[in-house]
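Chain residues, written in single-letter form:
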Amino acid sequence: MELCTILQPECTTCATPGSKKKVLELISDLVAAQYPTLSSQEVFESLLAREKMGSTGIGNGIAIPHGRLTTIDHPIAIFVKCEEPIAFDAIDKQPVDVLFALLVPADQCQQHLSTLSSMAQKLSDKQVLKQLRKIHDSTELYQVITA
């Protein structure tokens, strides 16, 4: 699946959220603004439920928060680059500044796993990550992440 089919430019942003809770709220608000049938609270609770099972901070300043929703029929992606790294309880104990969030229909587990895997692989490319960290513009961020 092409990333641009699940990630809209409006769901890609550079921000300074300040904390893990605030970045999850930001992600939830971005989704709710683009998908009016979803509430910000519903999205937030889904992401938070997954974080309670264990941090989605995978190391090297990257987190991949994700959740399942019964109210959607297609995956929704959100990409956030934090201007200031935030504590995220990552496995390497380092702060996070690059987040790829994914919401999937509750019945599409396999697609969920393959999308998360391909994004983790893309973000493990040191050149891509270095380029993303230099960007301070949402439009440019979208162009690089979907290239």
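The rules behind the values
Residues numbered from 1 in each chain as written. Predicted model: local features only at pLDDT ≥ 70, side-chain atom pairs only at ≥ 80, totals over all residues. Heavy atoms only, no water. Helix = DSSP H or I, 4+ residues; strand = E, 2+ residues; numbered from the N terminus. Buried < 20%, exposed > 50% of the residue type's maximum accessible area, 1.4 Å probe, protein only. Core = buried A, V, L, I, M, F, W, Y, C linked by side-chain atoms within 4.5 Å. Contact = heavy atoms within 4.5 Å. Salt bridge = Lys/Arg side-chain N within 4 Å of Asp/Glu carboxyl O.

Undergrad: Mind showing me how you'd approach unusual backbone geometry here?
TA: One non-glycine residue, N60, lies in the positive phi region at around 60 degrees. Assignment of secondary structure puts N60 in the loop between β2 (57–59) and β3 (62–63). The phi dihedral of K93 is positive, around 65 degrees, even though this residue is not glycine. Looking at the secondary structure, you find K93 in the loop between β5 (76–86) and β6 (96–105). Judged by relative accessible area, K93 falls into the exposed class, the value being 71%.

Undergrad: Quick question: what am I supposed to make of the nonpolar core here?
TA: Across soluble globular proteins, nonpolar side chains show a tendency to be buried alongside one another. Grouped together as the largest cluster of nonpolar side chains are 48 residues, with contacts concentrated most on I78, F79, F100, L103 and L123. Broken down by element, the residue count for this core peaks at 8 residues, all from β6. F100 has contacts with L3, A63, I64, P65, A77, I78, F79, M119 and L123, leaving out every residue within four places of it along the chain.

Undergrad: I keep staring at the pattern of salt bridges and nothing clicks. Help me out?
TA: If the charged atoms of two oppositely charged side chains come close together, the side chains can form a pair. Tallied over the entire structure, the rule returns 5 salt bridges. Close ionic contact of K81 with E83 constitutes a salt bridge, the shortest N to O distance being 3.4 Å. We classify K81 as buried; its relative accessible area is 2%. One salt-bridge network, held together by shared partners, links K20, E51 and D89.

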